[in-house]
Amino acid sequence: MTANEDQEMELEALRSIYEGDDCFKELSSVSFQYRIGNPEDPKAFLLEISWPETYPETSPTISLDAFFNNRISPDVKRTIIAQLEEQVEANLGTAMIYTLFEWAKENQESLMKNHQPVVNAVTLTSSSENSTNLISKKKEKKEQLTKSQKRKLTGKTDNKGELPRGWNWVDVIKVRRFTFLWHSLLICDQWGSVAPKRKVHATTRDALLMF
């Protein structure tokens, strides 16, 4: 019997045995996955086994690279694969996929006894970047001008969009002049009976009205 015939017979047997089993998944006619443990189990892992062309005379390929296993440390993965490879050596030349899956199920606790969940470094970096982006966006939002402020500044900027030096000096001078005239008006109100002061009073009041 050729290797391809052996594979076809084993494939039919696997489909029959694991029919309706949610833990089993046929990725292709030569590649299979089996979830060892329940999804909520912190010690669960996804075991993937693939056939080379000369299987079962040569060893199948065992992998734990599925995303489901990201929380498992590289050392624990190496330990699991090493022990499974021992089972492969003991069953070389015969159909062994079912045997390997069942052996992994029976020995899940011992295979994962040194398991400590690993935090994904990529996830931590994104969270950090997202937090930084949120903070910077909040700062930018606080520094934005109102529409009326933008309209006032539009007519004062040069061709580069910058405000010229001393653009607000006129406003400062107006405020100081108004303060001086207001104080003069108060003095005139206190001494309104004096003729010369009335003249100043009238002049000051007119100036304020013009202002």
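None of these values were measured; they are calculated from a predicted model.

### Looking at the packing of aromatic side chains
Part 1 of the reasoning: All told, the structure shown has 9 aromatic pairs when counted by the stated rule.
Part 2 of the reasoning: Judged by centre distance (6.2 Å) and plane angle (70 degrees), the ring pair of Y18 and F101 falls under edge-to-face. Residue Y18 is found in the loop between helix 1 (3-17) and strand 1 (24-28), and its partner F101 is found in helix 3 (residues 97-106); the two are separated by 83 residues along the sequence. As far as burial versus exposure is concerned, Y18 and F101 are alike and both buried.
Part 3 of the reasoning: Aromatic rings pair up to connect Y18, F24, F32, Y34, W51, Y55, Y98 and F101 into one cluster.
Part 4 of the reasoning: The ring of F68 is capped by R71, whose NZ or CZ atom sits 4.9 Å from the centre of that ring.

### Details of the pattern of salt bridges
Opposite charge on two side chains allows them to pair when their charged atoms are near.
Part 1 of the reasoning: By the definition in use, this model includes 4 salt bridges.
Part 2 of the reasoning: For R15, the salt bridge identified is with E26, shortest N-O distance 2.7 Å. With R15 in helix 1 and E26 in strand 1, this residue pair connects regions lying 11 residues apart in the sequence.
Part 3 of the reasoning: Taking relative accessible area as the criterion, E26 reaches 30% and is therefore assigned partly exposed.

### As for the packing of helix 2 (residues 74-91) against helix 3
Part 1 of the reasoning: Here helix 2 crosses helix 3 at 140 degrees, and the two axes come no closer than 10 Å. Here helix 2 is positioned oblique relative to helix 3, judged by the angle of their axes. With respect to the hand of their crossing, helix 2 and helix 3 are arranged in right-handed fashion. Contact residues: Q83, L84, Q87, V88 and N91 in helix 2; T99, L100, W103 and A104 in helix 3.
Part 2 of the reasoning: Considering only residue class, the contact of helix 2 with helix 3 consists of 5 nonpolar, 4 polar and no charged.

### Things to note about the sheet that holds strand 4 (residues 61-63)
Part 1 of the reasoning: In space, the 4 strands of this open sheet follow the order 1-2-3-4, with antiparallel pairing throughout. The open sheet has two edge strands with one neighbour each: strand 1 and strand 4. Adjacent strand axes in the sheet meet at a mean angle of 20 degrees when their direction is disregarded.
Part 2 of the reasoning: Pairing analysis gives 3 bridges linking strand 3 (residues 45-50) to strand 4, with the strands arranged antiparallel. Paired with E48 across the bridge in strand 4 is S63.
Part 3 of the reasoning: Of the strands in this sheet, strand 3 and strand 4 touch helix 2, which is tilted by about 155 degrees from strand 4.

Calculation criteria
- Residues numbered from 1 in each chain as written.
- Predicted model: local features only at pLDDT ≥ 70, side-chain atom pairs only at ≥ 80, totals over all residues.
- Heavy atoms only, no water.
- Phe/Tyr/Trp six-rings, centres within 6.5 Å; stacked < 30°, edge-to-face > 60°.
- Helix = DSSP H or I, 4+ residues; strand = E, 2+ residues; numbered from the N terminus.
- Buried < 20%, exposed > 50% of the residue type's maximum accessible area, 1.4 Å probe, protein only.
- Lys NZ or Arg CZ within 6 Å of the ring centre and 35° of its normal.
- Salt bridge = Lys/Arg side-chain N within 4 Å of Asp/Glu carboxyl O.
- Axes fitted to C-alpha atoms, helices over the stretch in contact; angles between N-to-C directions.
- Parallel < 35°, antiparallel > 145°, perpendicular 65-115°, else oblique.
- Left-handed = near helix turned anticlockwise from the far one by under 90°.
- Contact = heavy atoms within 4.5 Å.
- Nonpolar A, V, L, I, M, F, W, Y, C, P; charged D, E, K, R; others polar.
- Pairing = 2+ DSSP bridges.

Bear in mind that shape data such as this cannot, by itself, settle questions of function.
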